[in-house]
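# Overview (structure and organization)
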Amino acid sequence: MNGTSMSEKAIAMSGVNKWYGHLQVLKGIDLEVGRGEHIVLCGPSGSGKSTLIRCINHLEEIQQGTVTVNGTTLAQKGGNADHIRRDVGMVFQQFNLFPHLTVLQNCMLAQRRVRRTPAVEAKEKAMRHLERVHIAEQAEKYPAQLSGGQQQRVAIARALCMDPKIMLFDEPTSALDPEMVKEVLDTMVSLADDGITMICVTHEMGFARAVAHRVIFMDRGEIIESAKPDVFFSNPSHERTKAFLSQILNH
Amino acid sequence: MTYKYDFEPVFAAWPMLVDGIVGTLKMSSLSMVMGLSLGIVFMLMRMSKHRAPRALAIGYIEMIRNTPILVQVFFVFFGMPAIGIRLSGEQAAILAMTLNCAAYAAEIVRGGVQSIRPGQIEAGRALGMHGLDIYRFIVFRPAIRAVYPALCSQFILMMLNSSLMSSVSAEELTYFAQTLDSQTFRSFEIYLTLGVIYLALSQFFSIALGMIGRVYFSYPAK
Ligand SMILES: Nc1ncnc2c1ncn2[C@@H]1O[C@H](COP(=O)(O)OP(=O)(O)OP(=O)(O)O)[C@@H](O)[C@H]1O
Ligand SMILES: [Mg+2]
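Computed from a predicted structure; not experimentally measured.

### With respect to the interface of chain B and chain A
Between chain B and chain A, the contact holds 22 residues from the first and 26 residues from the second. Counting the surface lost from both chain B and chain A, the interface buries some 2200 Å², and carbon and sulfur atoms represent 59% of this. Contact with chain A buries area across many residues of chain B, yet Arg 125, Ala 126 and Leu 127 of chain B alone supply 26% of it, more than any other trio. Viewed at the interface, chain A and chain B are joined by 2 salt bridges. Between Arg 113 of chain A and Asp 133 of chain B there is a salt bridge whose closest N-O contact spans 2.9 Å. Where chain B touches chain A, the interface holds 9 residue pairs in polar contact (both at pLDDT 80 or more). Those elements that provide at least two residues to the side of chain B that touches chain A are helix H6 (118-126) and helix H7 (131-161) of chain B. No other element matches the 7 residues that H6 of chain B contributes to the side of chain B that touches chain A. For the side of chain B that touches chain A, a count of residues per class yields 10 nonpolar, 5 polar and 7 charged.

Following this line, the structure appears as structure tokens:
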């Protein structure tokens, strides 16, 4: 029915409410993300940023509202979550590489098991993405043998191997030593330049300025403010946003 | 005392002892492999989000862990013919040890699975993988690695417990030792020798399992 208008959007969340027991962690979230749009999501600890992006690929269930990804509305119990996860890649704060698999095997596993890609092809694609994140020469190493920044780049390559149309990043640089933040951000910038749809939870404001089309500020489960980066940083309209910005920019 | 040690009849019966060692090795190894496999099935049931399989697994595990293995093998060997299942001593022994091992293995492996960070499973889900695939390819190896020493102790304990299987005439070491005893009456020498052989078998299993572990878990830890 409303297929045409919906299909222009990569992600549409409407009236999303979520509780953990009695604690409501998402309150009436309405969010539309266009194809190729880059969104930076920020807000204080516990405000629900992780929960919000984890609802998009159904790592979390919602109790009310709808989440639509590339025109497919997520069933409440997640019956079609697999379908949606095909289009959505995710990168975690803690990398979450598989420790018993080499870098190459990390990038091949889901291709083989989910897509049933033949080994040769899967390997070829894995190497292509590892090259793209400048880590192909470490393909035979295990995650524990890599630095944090290298591990996170492998995690990005691993997600890219599934040809996602949307990438979700949950504080991808927060667990990194300062000297490794840049290599990961550079990788993400190059992804953004390629036009992939992206939602990134981060407090890296330089990154937000460079690639975000919109910066969204969340507090206590609500979206408080959503604006272009220049407006967001120079002229935020809400008190809570101002307070938050003064805190993180003073760091 | 005036007891005169005489190991001659014991050593003379070496072919019998070798048969016993082979029997013990065979029964123990088979029960370890099958027990671990079955244990993993029970572990999955135990961790299921559905109530029925979970209750079934808990019931099974508690029943096995709170009854003597001797009673279990008697039940299999003497009890099951009543429902038409007639097994040889060796078959009954392997079945009982497998069932016994499964209950312990299920609990040990469950501990390993619980030690896996949720992020590992989430990464698998985010990549579109399914429940069983996630277990098989992501959770399983690190989980077993985390509890491998405990699993090995359990295996060795079971190998030692296999001596109880002589009571259903399963042809393992203790069974042959008892036979030899009744022929020669050299109890002191026989059971001393038997103890030494079990000690050697324990060492053997310990080393062999350690080597398997080093190959299977050769990836570097954090
Ligand atoms: N599994 C859970 N069970 C109960 N409460 C949870 C759970 N996960 C998160 N919460 C709560 O939900 C709220 C939102 O958490 P969320 O992780 O989404 O916040 P966040 O904005 O990502 O914070 P941070 O910056 O610390 O990562 C918090 O109050 C948190 O304590
Ligand atoms: Mg978070």
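That was the structure; now back to the text.
### Observations concerning the site of ligand 1
All names here are of chain A. In the region of ligand 1, the neighbouring residues are Tyr 20, Leu 23, Val 25, Pro 44, Ser 45, Gly 46, Ser 47, Gly 48, Lys 49, Ser 50, Thr 51 and Glu 171. Between Tyr 20 and ligand 1, the recorded distance is 3.5 Å, taken from a side-chain N or O atom to a nitrogen atom. Between Ser 45 and ligand 1, the recorded distance is 2.6 Å, taken from a side-chain N or O atom to an oxygen atom. Look at ligand 1: alone it shows 630 Å² of surface, and the protein chains cover 59% of it. Elements with a contribution of two residues or more to the shell around ligand 1: strand S2 (23-34) and helix H2 (49-56). Counting residues per element, the shell around ligand 1 draws most heavily on H2, which supplies 3 residues.

### Points about the pairing of strand S9 (residues 214-219) of chain A
Residues and elements named next belong to chain A. Most of S9 is tucked away: 5 of the 6 residues are buried. In the sheet, strand S3 (residues 38-42) pairs with S9 via 4 bridges, with the strands oriented parallel. Opposite Leu 41, over in S9, you have Ile 216 as the bridge partner. With 5 bridges joining them, S9 and strand S10 (residues 222-227) adopt antiparallel strand pairing. Bridge pairing in S10 places Asp 219 opposite Glu 222. Between S9 and S10, which pair antiparallel one after the other, the connecting turn spans 2 residues, and Arg 220 there sits at a positive phi close to 45°.

### Concerning the packing of aromatic side chains
Residue and element names in this part refer to chain B. Tallied over the full model, the rule gives 14 aromatic pairs over all chains. Judged by centre distance (6.0 Å) and plane angle (55°), the ring pair of Tyr 3 and Phe 188 falls under tilted. Remark: Phe 188 occurs in helix H9 (residues 187-216) and Tyr 3 occurs in the segment before helix H1 (8-12); sequence separation between them is 185 residues. Residue classification places Tyr 3 among the partly exposed residues on the basis of a relative accessible area of 40%.

### Remarks on helix H5 (residues 119-132) of chain A
All names here are of chain A. Taking 1.5 Å of rise per residue, the 14 residues of H5 would be expected to cover 20 Å, and the 20 Å separating its terminal C-alpha atoms lies within 8% of that figure. Turning to H5, its buried residues are Ala 122, Lys 125, Ala 126, His 129 and Leu 130. Seen along its axis, H5 keeps its buried residues to an arc of 135°; they face one direction. Set apart from the buried face of H5 by more than 90 degrees, the exposed residues are Val 120 and Glu 124. Elements in contact with the buried residues of H5: helix H4 (103-113) and helix H6 (148-160). Within two residues after H5, His 134 carries a phi angle of roughly 60°, on the positive side.

Parameters at a glance
- Residues numbered from 1 in each chain as written.
- Chains lettered and ligands numbered in written order.
- Predicted model: local features only at pLDDT ≥ 70, side-chain atom pairs only at ≥ 80, totals over all residues.
- Heavy atoms only, no water.
- Contact = heavy atoms within 4.5 Å.
- Buried area = accessible area lost by both parts, 1.4 Å probe.
- Salt bridge = Lys/Arg side-chain N within 4 Å of Asp/Glu carboxyl O.
- Polar contact = N/O pair within 3.5 Å; in protein donor to acceptor, adjacent residues only side chain to side chain.
- Helix = DSSP H or I, 4+ residues; strand = E, 2+ residues; numbered from the N terminus.
- Nonpolar A, V, L, I, M, F, W, Y, C, P; charged D, E, K, R; others polar.
- Near = heavy atom within 4 Å.
- Areas by Shrake-Rupley, 256 points an atom, 1.4 Å probe, with all protein chains shown as cover.
- Buried < 20%, exposed > 50% of the residue type's maximum accessible area, 1.4 Å probe, protein only.
- Pairing = 2+ DSSP bridges.
- Phe/Tyr/Trp six-rings, centres within 6.5 Å; stacked < 30°, edge-to-face > 60°.
- Expected span 1.5 Å × (residues − 1).
- Arc of directions from axis to C-beta.

Geometry only, nothing functional implied.
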